[in-house]
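Listed below, chain by chain, are the residues.
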Amino acid sequence: MPLTCSSARLANSSTGGIPFNTLSLPRRQRLHLKVADALEYLRAASLESHASVLAHHLYQAGAAADSRRTATFLMMASRRALAAGAFEETLATFDQILALELPESGPLLGETHEHRGEALAGLQRYDGAVTAFDRALTIYSTTKDDAGIARGARSASDCFVWRGQLTAGLSFLTRGLHALSIHAARERAPLLSWMAVARMSPAYLDEAWQAIEEATVIAERLADPDVFADQDRYREL
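These numbers were taken from a predicted model, which means no experiment stands behind them.

A. Representation of the overall build of the protein chain within the structure. Counting its regular elements, the protein chain contains 12 helices and zero strands. Along the protein chain, from the amino end to the carboxyl end, the secondary structure elements read α-α-α-α-α-α-α-α-α-α-α-α. By residue count, 44% of the 237 residues in the protein chain fall in the buried class. Total accessible area on the protein chain stands at roughly 12400 Å², and carbon and sulfur atoms take up 54% of it.

B. Layout of helix H8 (residues 146–161). When the terminal C-alpha atoms of H8 are compared, their 22 Å separation across 16 residues agrees well with the 22 Å that a helix rising 1.5 Å per residue should span. Counting buried residues along H8, 12 of its 16 residues qualify, which places the element largely inside the surrounding structure. All of the buried residues in H8 are Asp 146, Gly 148, Ile 149, Ala 150, Gly 152, Ala 153, Ser 155, Ala 156, Ser 157, Asp 158, Cys 159 and Phe 160. Looking at the packing, one finds that the buried side of H8 touches helix H7 (126–142), helix H9 (170–179) and helix H10 (185–198). The N-cap residue of H8 is Asp 145: its side-chain oxygen and the backbone nitrogen of Ala 147 are 3.3 Å apart.

C. Expanded view of helix H3 (residues 51–60). Within H3, seven of the 10 residues are buried, leaving the element largely enclosed by the surrounding structure. When we look at burial in H3, the residues that qualify are Ala 51, Val 53, Leu 54, Ala 55, His 56, His 57 and Leu 58. Where H3 ends, the next residue or the one after it, Gly 62, has phi of about 60°, a positive value.

D. Examining the pattern of salt bridges more closely. Under the counting rule described, the total for this entry stands at 11 salt bridges. Residues Arg 79 and Glu 111 are paired through a salt bridge, measuring 2.7 Å at the closest nitrogen-oxygen approach. Separated by 32 residues along the polypeptide, Arg 79 in helix H4 (residues 67–83) and Glu 111 in helix H6 (residues 107–122) bring together distant segments of the chain. With its nearest N and O atoms 3.0 Å apart, the salt bridge here joins Asp 127 to Arg 163. You can see Asp 127 sitting in helix H7 and its partner Arg 163 sitting in the loop between H8 and H9, a full 36 residues away along the chain. The exposure class assigned to Arg 163 is partly exposed, which follows from its relative accessible area of 32%. Bridged by salt links that share partners, the residues Asp 37, Glu 40 and Arg 69 form one connected network.

E. Quick look at the packing of H6 against H7. Viewed as axis vectors pointing N to C, H6 and H7 meet at an angle of 160°, and their least axial separation amounts to 8 Å. The angle between H6 and H7 places the two elements in the roughly antiparallel class. In terms of crossing hand, the pair formed by H6 and H7 is left-handed. Of the residues in H7, those touching H6 at Leu 109, Gly 110, Glu 111, His 113, Glu 114, Arg 116, Gly 117, Glu 118, Leu 120 and Ala 121 are Tyr 126, Gly 128, Ala 129, Ala 132, Phe 133, Arg 135, Ala 136, Ile 139 and Tyr 140.

F. Just the environment of Arg 79, in detail. By relative accessible area, Arg 79 is classed as partly exposed at 37%. Taking the C-alpha atoms as reference points, Arg 79 and Thr 90, 11 residues apart in sequence, are found 7.9 Å from one another. Looking at Arg 79, its side chain comes within polar contact range of the side chain of Glu 111, at 2.7 Å.

G. Seen up close, the confidence of the model for the protein chain. Overall, the predicted model of the protein chain reaches an average pLDDT of 84, with 82% of residues at or above 70. The least confident element of the protein chain, judged by mean pLDDT, is helix H1 (residues 5–15) at 51; the most confident is H7 at 96.

Rules of the game
Residues numbered from 1 in each chain as written. Predicted model: local features only at pLDDT ≥ 70, side-chain atom pairs only at ≥ 80, totals over all residues. Heavy atoms only, no water. Helix = DSSP H or I, 4+ residues; strand = E, 2+ residues; numbered from the N terminus. Buried < 20%, exposed > 50% of the residue type's maximum accessible area, 1.4 Å probe, protein only. Areas by Shrake-Rupley, 256 points an atom, 1.4 Å probe, with all protein chains shown as cover. Expected span 1.5 Å × (residues − 1). Contact = heavy atoms within 4.5 Å. Polar contact = N/O pair within 3.5 Å; in protein donor to acceptor, adjacent residues only side chain to side chain. Salt bridge = Lys/Arg side-chain N within 4 Å of Asp/Glu carboxyl O. Axes fitted to C-alpha atoms, helices over the stretch in contact; angles between N-to-C directions. Parallel < 35°, antiparallel > 145°, perpendicular 65-115°, else oblique. Left-handed = near helix turned anticlockwise from the far one by under 90°. pLDDT = per-residue confidence, 0-100.

Put into C-alpha cells, the structure is as follows:
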C-alpha cells in the first residue's frame, strides 16, 4: 500500500534524511508505529476514512504494535472495502488479520471469518465461503454470540441456496438453532422461517409448516415490526 503524502512526510521527518528502505527492520517497524500514533492523534475525528493507512502502518510495525490495535484498524479498513465491493482487496486484509493469531475467544476472529465468507461469496467462490462461515459459526457458538450465530448459520445456508441446493444448507440452520440461547427469540424466528423455505418439498411439508408456525408465534410474542416483515417475506417464498 503506498504511503499518503502526510504519512510519507511523517516518516521522512523521523529518519533525519536517511532513506527509509536503508534502515534496519526494527527501526522501520518503530517508525511505522510512530507514524500510526501520529496519524491516529491527528485524524482522531475521522479515523474511519483513514483506517486503511493506519492499518498499513500498524501491520508494517509488526511486533512493535499491539496486535489487537492492528486488528481493529485492519477490520475497520476491510469493512469499508467490503461495502465497496472490493472483494479481492478485502480477502488480503482478512488474511493479514488471521496472521496476527488473535485469541480464539475474541470477537474480531469470528467477524473476520464471517466477512471473509462474504467476500468469497461475492466472488462466487462458495465452497471457500462455506468454510469461512462454518468457522465463524463455530466461534460465535463458543462465545455465545446469538446475533453472530444467526448470521453465520444463515450465510452458510445461503451459499447453497444461491446454487439451487436448498436442502444442502439445512445442517447449518439446525446448528444455528441449537446453538442459540433460550433468550434469542429475535434470532430464532428468521432461522426457523428460512428452514421452512428450505423444507418446502412434498416430503417435508409438515416440518416446514411446523417451523413457520413456531416462527409466527415468536414474531407475535415479540411484536417486532422487523420480525413480522421477515415472516411476510418468507411466506411469499
